[in-house]
Amino acid sequence: MVTRDEAIGALEHIRDPDSGLSLVELGLIRDVMAREAGVSLTLVLATDDAEAKREMEAAVREALAEVGVGAEHIHIRSREVTDFERGEIAKKLQAAAQNGGAAASTRAPGLLDADHPATFIAVASGKGGVGKSTVTVNLAVALARRGKRVGLIDADIYGFSVPDMMGIDTRPAVGENGGVEPVTSHGVKVISMGFFVEDNAPVIWRGPMLGKMLRNFFNEIQWGELDYVLLDLPPGTGDVSLDVHQMLPRSKEIIVTTPHATAAFVAARAGAMARHTNHEILGIVENMAWYERGDGGRDYVFGRGGGAKLAEELHTELLLQVPLGAPDNHPSERDYSPSIYKEESPTGRLYMELADLVIAKTGK
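The notes below deal with the structure included here. The model shown is predicted, which means the values in this text are computed figures rather than measured ones. Throughout, a residue's number is its position along its own chain's written sequence, starting from 1. Totals for whole chains, interfaces and linings use every residue, but because this is a predicted model, local features are given only for residues with pLDDT of at least 70 and side-chain atom pairs only at 80 or more, for both listing and counting. The side-chain figures draw on all heavy atoms in the structure; neither hydrogens nor water molecules are used.

Concerning the pattern of salt bridges
Each salt bridge in this description consists of a side-chain nitrogen of Lys or Arg and a carboxyl oxygen of Asp or Glu lying within 4 Å of one another. Throughout the structure, instances matching the rule amount to 9 salt bridges. Between R149 and D227 there is a salt bridge, and its shortest N-O distance comes to 2.9 Å. On the criterion of sequence distance, the pair formed by R149 in the loop between α4 (132–145) and β5 (150–154) and D227 in the loop between α6 (207–219) and β10 (228–232) is long-range, its members being 78 residues apart. Overall, R149 belongs to the partly exposed group, its relative accessible area being 39%. Burial here depends on accessible area, computed with a 1.4 Å probe over protein chains only, as a share of the maximum for the residue type. Under 20% is buried, over 50% is exposed, and the range in between is partly exposed. Assessed through its relative accessible area of 14%, D227 is described here as buried. With a closest N to O distance of 2.6 Å, K361 and E317 form a salt bridge. Of the two residues, K361 sits in helix α10 (residues 346–362) while E317 sits in the loop between α9 (306–313) and β15 (318–321), which places them 44 residues apart along the sequence. E317 sits in the partly exposed class, given a relative accessible area of 34%. Each of R149, E225 and D227 takes part in a single network of salt bridges with overlapping partners. Numbering goes from the N terminus for both helices and strands, where a helix is a DSSP run of H or I of at least four residues and a strand is a run of E of at least two.

Have a look at this one:
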């Protein structure tokens, strides 16, 4: 059963298209009640336009469905706004304008707005342990090295690792407007669940809370202007991956696998999910493709051919093969991070090539 607070939390993300303010904050969604029979509420209409009413009701139903309320358990009462309420709304809009928040003409588009100019790239895998997060952080840094404005969302809520991989030991700060600012590292703006837990504590949540946190990462963070937003998805095809595919219908995707036949077989499911939700697959990255010996020879520790076979099955291309290894970084270095390759290193140059391919494919 969804609680009243959970229902209101979901509804707070519905925005007035003109002001960008929450309908809950404006008082256009009221009397929210959550019981075993479902969720009931009052929808206050500032217009008598039938199409606008249908759109608002659809937005309410979609938001409640994301926290697990079935369509048959959502009860909406609609009424027109009173003159007194209209005056109260006008006051709130005026206050928001004075604080720099009102007017859609001056409001920067949110990450989930259809007109946001950033290209979204979700990095996925069928299973854990294939180096998906390593590929994500190094691609993000490589794009930043090419002069792109990059945001990185660690969407692996349970298995967050990006802050540690990038050597981040600070927390997000509160900006001038009261919003949370992402942490910038290696030229990349980063947000992660890891910033909001203490001492590597586990996150023990059910699916609806995961979606709510992910939506907060999109809506409540002061991202500024971005060219690319990379999402490090959890492995598999679970709740968070499904939420991302639903929230970002225009997202593109990179699938990470190892050369091992089983890893590629499982990764095909992530690719099939992208296809099923009409997401464009940019290509395949085969990680741990070989181990390079001191004499220059190669040992294919995990076999060969998995990435190429997966690319063929998903009708896409093999973008990159990355050798097995780790960055040669030292903790005494100013920008130390355990997982970011230096630009001039052999593997660092490979990631720069991957960034160039992504830029060419996305036209940025």
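What follows continues from the structure just given.
Here's the deal with the packing of helix α1 (residues 4–11) against helix α2 (residues 50–65)
Comment: axis = line fitted to C-alpha atoms, over the contacting stretch for helices; angle = value between 0 and 180 degrees taken between N-to-C directions. Relative to each other, α1 and α2 sit at 130°, their axes nearing to 8 Å. Relative to α2, α1 is oriented oblique. Viewed along their axes, α1 and α2 form a crossing whose handedness is right-handed. Of α2, the residues touching α1 (which contributes A7, A10 and L11) are V60, A63 and L64. Each angle is binned into one of four classes, with values under 35 degrees roughly parallel, values over 145 roughly antiparallel, values of 65 to 115 roughly perpendicular, and all other values oblique. With the far helix as reference, a near helix turned anticlockwise by less than a right angle produces a left-handed crossing, and one turned clockwise produces a right-handed crossing. Whether two residues are in contact is decided by their heavy atoms: any pair within 4.5 Å suffices.

Observations concerning a negative patch on the surface
Residues D48, D49, E55 and E80 make up a contiguous surface patch of negative charge. Topologically, E80 is positioned in strand β3 (residues 74–80). What makes a patch is a set of residues exposed beyond 30% relative accessible area and free of salt bridges, joined within 9 Å when like-charged and within 5 Å when nonpolar (Val, Leu, Ile, Met, Phe, Trp, Tyr). Under the convention used here, a 1.4 Å probe and the Shrake-Rupley method define accessible areas, while residue burial counts only the protein chains that appear. For this count, His and the chain ends are skipped, Lys and Arg are scored as positive, and Asp and Glu as negative. By convention, the point assigned to a charge is CZ for Arg, NZ for Lys, CD for Glu and CG for Asp.

So, unusual backbone geometry
Positive phi outside glycine occurs at D31, with the angle close to 55°. Considering the arrangement of structural elements, one finds D31 in strand β1 (residues 29–35). For D31, a relative accessible area of 46% translates into the label partly exposed.

Thoughts on the nonpolar core
What makes a nonpolar core is a set of buried Ala, Val, Leu, Ile, Met, Phe, Trp, Tyr and Cys residues whose side-chain atoms join them at distances within 4.5 Å. Core analysis: the largest hydrophobic core is formed by 76 residues, its most contacted members being I153, M166 and F218. Per element, the largest residue contribution to this core is 8 residues, and it comes from α4. Setting aside residues no more than four positions away along its own chain, F218 makes contact with L111, L112, F120, I153, W223, L231, M247 and L248. Membership of the second largest hydrophobic core comes to 28 residues, among which are L26, V44, A63 and I89.

Considerations on the sheet that holds strand β12 (residues 280–286)
In this analysis, strands are considered paired if DSSP registers two or more bridges between them. With respect to topology, 8 strands assemble into an open sheet ordered β8-β9-β5-β10-β4-β11-β12-β15, the strand pairing being mixed. Since the sheet does not close on itself, it has two edges, and those belong to β8 (183–185) and β15, each with one partner. With direction set aside, neighbouring strand axes in the sheet form an average angle of 25°. Direction of pairing for β5 relative to β10: parallel, over a ladder of 5 bridges. Residue G151 lies in a different strand from β10, and its bridge partner there is V229. Running at roughly 170° to strand β11 (residues 252–257), helix α8 (residues 261–276) makes contact with β4 (119–124), β11 and β12 of the sheet. Against the sheet, α10 touches β4, β10, β11, β12 and β15, its axis set at about 165° to β15.

Some words on α4
An expected span of 1.5 Å times one less than the residue number is assigned to each helix. Here α4 is 14 residues long and its end C-alpha atoms lie 20 Å apart, about the 20 Å a rise of 1.5 Å per residue gives. Most of α4 is tucked away: 12 of the 14 residues are buried. The complete set of buried residues in α4 reads K132, S133, V135, T136, V137, N138, L139, A140, V141, A142, L143 and A144. With its phi angle positive at about 90°, G147 sits one or two positions after the end of α4.

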